[in-house]
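# Fold and contact review
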Amino acid sequence: MRYNSKFKVQNSKFIFTFYLLLFTFLLGCAKQDRIFRESRIVMDTITTINIVSPSKEKAKEGIEKGFAEIKRLEKLLNYFSPDSEISAINKLSGIRPVKVSKETLEIIKRSLEIAEATGGAFNPTIGPVIKLWRFSRQDKADIIPSEESIRDALELVDYKKVRIDERTSEVFLEMKGMELDLGGIAKGYAADRAIDVIKEMGIKSALVAVAGDIKGYGRRPDQMAWNVGIQDPRPNDEKRDSVFATLYLENMAISTSGDYQRFFIKNGKRYHHIIDPRTGYPAESSTISVSVIADDGFMTDGLSTAMFIFPPERAITLLESLGAEGVIVDRGKNVYITRGLKGKIKIINESYHSTGS
Ligand code: AMP
Ligand code: MG
């Protein structure tokens, strides 16, 4: 009897524990984190937002808020938005300063800092030259501008002639005809801001990719860091997006600039959208793809555009001196990697070779 009652007690304890565990497990299942993902065309490109959440409704809200933020910035920063503050500054260049929001002022200030840090390779006053090349989808033309028009436009490219008055929140382009073009940082900054609004909602993990400008935080539901791919700059099948390398991204941003993103080919020569501010022509280093990894997308976007101007070895040294990481591919499919990234990047396409330097 005694034995039996003890058994019963133990048995009921066991059953209780079993149900408790089952209940916890079911609760866990119901509330399990999942990845919710949506892609849309924004900023003239394909943009994807990934959110980790146990709740579909909360994830949906995060996705909507993220896209709304990117759309807001598209309006604010797009060269073609006639009523943007950037357009107002451009229209009144050489005439008078324009009062702008704190955000626009800050964006221009940070762009000038990147220009300074890259010796002018990143130049936010490249607008008059970009206008001639007409690479954007709204304005696409596949024409090589005349040498004379490039020479004249280059006269107006000088980031040292952007005057900022923080006290009055005013910006003035000193020469008439000068124009800001923030296309080199807009996508990276948009990814940063979309992540900020999603984070503010209390969502624990997300990844936003505005084409090749990607920012993430937190981990995936399987507790792995976000795995991101770097687009193959010379895929065998041009119609299909493929990646040549992958890496794990944790609370960082990565931006990739490539000569395959916006370009045309004339007489066997490739003309792409990253302009060397010294010549007014598409950058002619041997680089075909640059990825930069750092804390924020603004910085990675600006630096990836700028690093295109330099030969790969020089760009790698410069990135290291700026405390950023990077992966650069040249025409021979040689891959150059900063010291801090060695061993962390996986090359998955055999036609690409790490230089080991
Ligand atoms: P990304 O795709 O980030 O490399 O940016 C390319 C865009 O940046 C171009 O479409 C231009 O709008 C702009 N851009 C091109 N060359 C430069 C440059 N040297 N400095 C700053 N912006 C540039
Ligand atoms: Mg860029």
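The structure reproduced in this document is the subject of the present report. What you are looking at is a predicted structure, and each value in this text was computed from that prediction instead of being measured. (Residues numbered from 1 in each chain as written. Chains lettered and ligands numbered in written order. Predicted model: local features only at pLDDT ≥ 70, side-chain atom pairs only at ≥ 80, totals over all residues. Heavy atoms only, no water.)

## Digging into the overall build of the chain
Counting secondary structure elements, the chain contains 9 helices and 17 strands. Its C-alpha atoms give the chain principal-axis dimensions of roughly 105 × 50 × 35 Å. Evaluated residue by residue, the chain yields a buried proportion of 48% over its 357 residues. Of the contacts made within the chain by residues no fewer than 6 positions apart, 60% connect residues no fewer than 24 positions apart. By element, 54% of the accessible surface of the chain is carried by carbon and sulfur atoms, the whole surface being about 18,300 Å². Treating the 53 positive side-chain charges of the chain as one cloud and the 48 negative ones as another, the clouds have centres 8 Å apart. (Helix = DSSP H or I, 4+ residues; strand = E, 2+ residues; numbered from the N terminus. Buried < 20%, exposed > 50% of the residue type's maximum accessible area, 1.4 Å probe, protein only. Contact = heavy atoms within 4.5 Å. Areas by Shrake-Rupley, 256 points an atom, 1.4 Å probe, with all protein chains shown as cover. Lys, Arg positive; Asp, Glu negative; His and termini not counted. Charge placed at Lys NZ, Arg CZ, Asp CG, Glu CD.)

## Some remarks on the packing of aromatic side chains
For the coordinates displayed, the defined rule picks out 7 aromatic pairs. Centroid distance tryptophan 133 to phenylalanine 135: 5.9 Å. Interplanar angle 10 degrees. Geometry classified as stacked. The two residues tryptophan 133 and phenylalanine 135 agree in class, both being buried. Measuring from centroid to centroid gives 5.9 Å for tryptophan 133 and tyrosine 271, while their planes differ by 25 degrees, and the two rings are stacked. Of this pair, tryptophan 133 sits in helix 5 (residues 127-133) while tyrosine 271 sits in strand 12 (residues 269-272), and the two are 138 residues apart along the sequence. Across the pair, tyrosine 271 and tryptophan 133 agree in class, each one buried. Through successive ring pairs, a cluster of aromatic residues spans Trp133, Phe135, Phe264, Tyr271 and Tyr281. The ring centre of tyrosine 271 lies 5.7 Å from the NZ or CZ of lysine 269, which sits over that ring. (Phe/Tyr/Trp six-rings, centres within 6.5 Å; stacked < 30°, edge-to-face > 60°. Lys NZ or Arg CZ within 6 Å of the ring centre and 35° of its normal.)

## Considering the coordination of the magnesium ion (ligand 2)
Donor atoms from the polypeptide that bind the magnesium ion (ligand 2) are Gly184 (O), Asp301 (O), Asp301 (OD) and Thr305 (OG1), placed at 1.9 to 2.5 Å. Of note, the donors binding the magnesium ion (ligand 2) are all from one chain and are spaced G-x116-D-x3-T. Linking aspartate 301 with threonine 305, this pair stays in helix 8 (residues 297-307), spanning 4 residues, or about one helical turn. Threonine 305 carries the same exposure label as aspartate 301, and that label is buried. (Donors = N, O, S within 2.8 Å, 3.2 Å for Na, K, Ca; no water.)

## Here we look at helix 8
Turn by turn, an α-helix covers 3.6 residues, leaving residues three or four places apart pointing in a common direction. When you tally the buried positions in helix 8, you get 10 out of 11 residues, the bulk of the element. Taken as a whole, helix 8 has its buried residues at Gly297, Phe298, Thr300, Asp301, Gly302, Leu303, Ser304, Thr305, Ala306 and Met307. On its buried face, helix 8 is in contact with helix 4 (102-117), helix 7 (186-200), strand 7 (213-217), strand 10 (253-258), strand 13 (287-294) and helix 9 (312-321). Measuring from the side-chain oxygen of the N-cap residue of helix 8 to the backbone nitrogen of phenylalanine 298 gives 3.2 Å; that N-cap residue is aspartate 296. (Polar contact = N/O pair within 3.5 Å; in protein donor to acceptor, adjacent residues only side chain to side chain.)

## As for the sheet that holds strand 14 (residues 325-330)
Here we have 9 strands laid out as an open sheet, ordered 1-2-6-7-10-13-14-15-17, and mixed in their pairing. Both outer strands of the open sheet, strand 1 (34-42) and strand 17 (353-354), are each paired with one neighbouring strand and no more. One ladder, built from 3 bridges, connects strand 7 with strand 10; its direction is antiparallel. Bridge pairing in strand 10 places isoleucine 214 opposite isoleucine 254. Sitting on the sheet, helix 2 (residues 56-77) is in contact with strand 1, strand 2 (45-53) and strand 6 (205-210), with an inclination near 25 degrees to strand 1. Contacts from helix 8 reach strand 7, strand 10 and strand 13, with the element oriented near 25 degrees to strand 10. (Pairing = 2+ DSSP bridges. Axes fitted to C-alpha atoms, helices over the stretch in contact; angles between N-to-C directions.)

## Details of the sheet that holds strand 5 (residues 170-173)
Spatial ordering of the open sheet is given by 3-5-4, a layout of 3 strands whose pairing is antiparallel. Edge strands, defined here as strands with exactly one partner in the open sheet, are strand 3 (98-99) and strand 4 (162-165). Bridge count for strand 3 against strand 5 is 2 bridges, and the pairing is antiparallel. Note on strand 5: the bridge partner recorded for valine 98 is valine 171. Running over the sheet, helix 4 touches strand 4 and strand 5 and is turned about 130 degrees from strand 4.

## Here's the deal with the packing of helix 2 against helix 4
Between helix 2 and helix 4, the shortest axis-to-axis distance is 12 Å and the interhelical angle comes to 70 degrees. Taken as axis vectors, helix 2 and helix 4 run roughly perpendicular relative to one another. Within the contact between the two elements, helix 2 uses Arg72, Leu73, Leu76 and Leu77 and helix 4 uses Glu103, Thr104 and Ile107. When its residues are assigned to classes, the contact of helix 2 with helix 4 shows 4 nonpolar, 1 polar and 2 charged. (Parallel < 35°, antiparallel > 145°, perpendicular 65-115°, else oblique. Nonpolar A, V, L, I, M, F, W, Y, C, P; charged D, E, K, R; others polar.)

## With respect to the site of ligand 1
In the vicinity of ligand 1, 17 residues are found, and the nearest of them are Asn123, Ser257, Ile275, Asp301 and Thr305. Separating an oxygen atom of ligand 1 from a side-chain N or O atom of serine 257 is a distance of 2.7 Å. Within the backbone of isoleucine 275, an N or O atom sits 2.8 Å from a nitrogen atom of ligand 1. Calculation on ligand 1 without its partners gives an accessible area of 500 Å², and the protein chains cover 93% of this total. Of the residues belonging to the shell around ligand 1, the class tally is 7 nonpolar, 7 polar and 3 charged. (Near = heavy atom within 4 Å.)

## So, the nonpolar core
Counting 66 residues, the largest nonpolar core has Ile70, Ile198, Val208 and Met307 as the members making the most contacts within it. Top element by residues in this core is helix 7. It accounts for 8 residues. (Core = buried A, V, L, I, M, F, W, Y, C linked by side-chain atoms within 4.5 Å.)

## Here's the deal with the packing of helix 7 against helix 8
It is the contact of helix 7 with helix 8, at a shortest axis distance of 7 Å, that shows an interaxial angle of 165 degrees. As judged from the angle between their axes, helix 7 and helix 8 are roughly antiparallel. As helix 7 runs across helix 8, the sense of the crossing is right-handed. Residues Ala186, Lys187, Gly188, Tyr189 and Asp192 of helix 7 lie in contact with helix 8, whose contacting residues are Gly297, Phe298 and Asp301. Of the residues that constitute the contact of helix 7 with helix 8, the class distribution is 3 nonpolar, 2 polar and 3 charged. (Left-handed = near helix turned anticlockwise from the far one by under 90°.)

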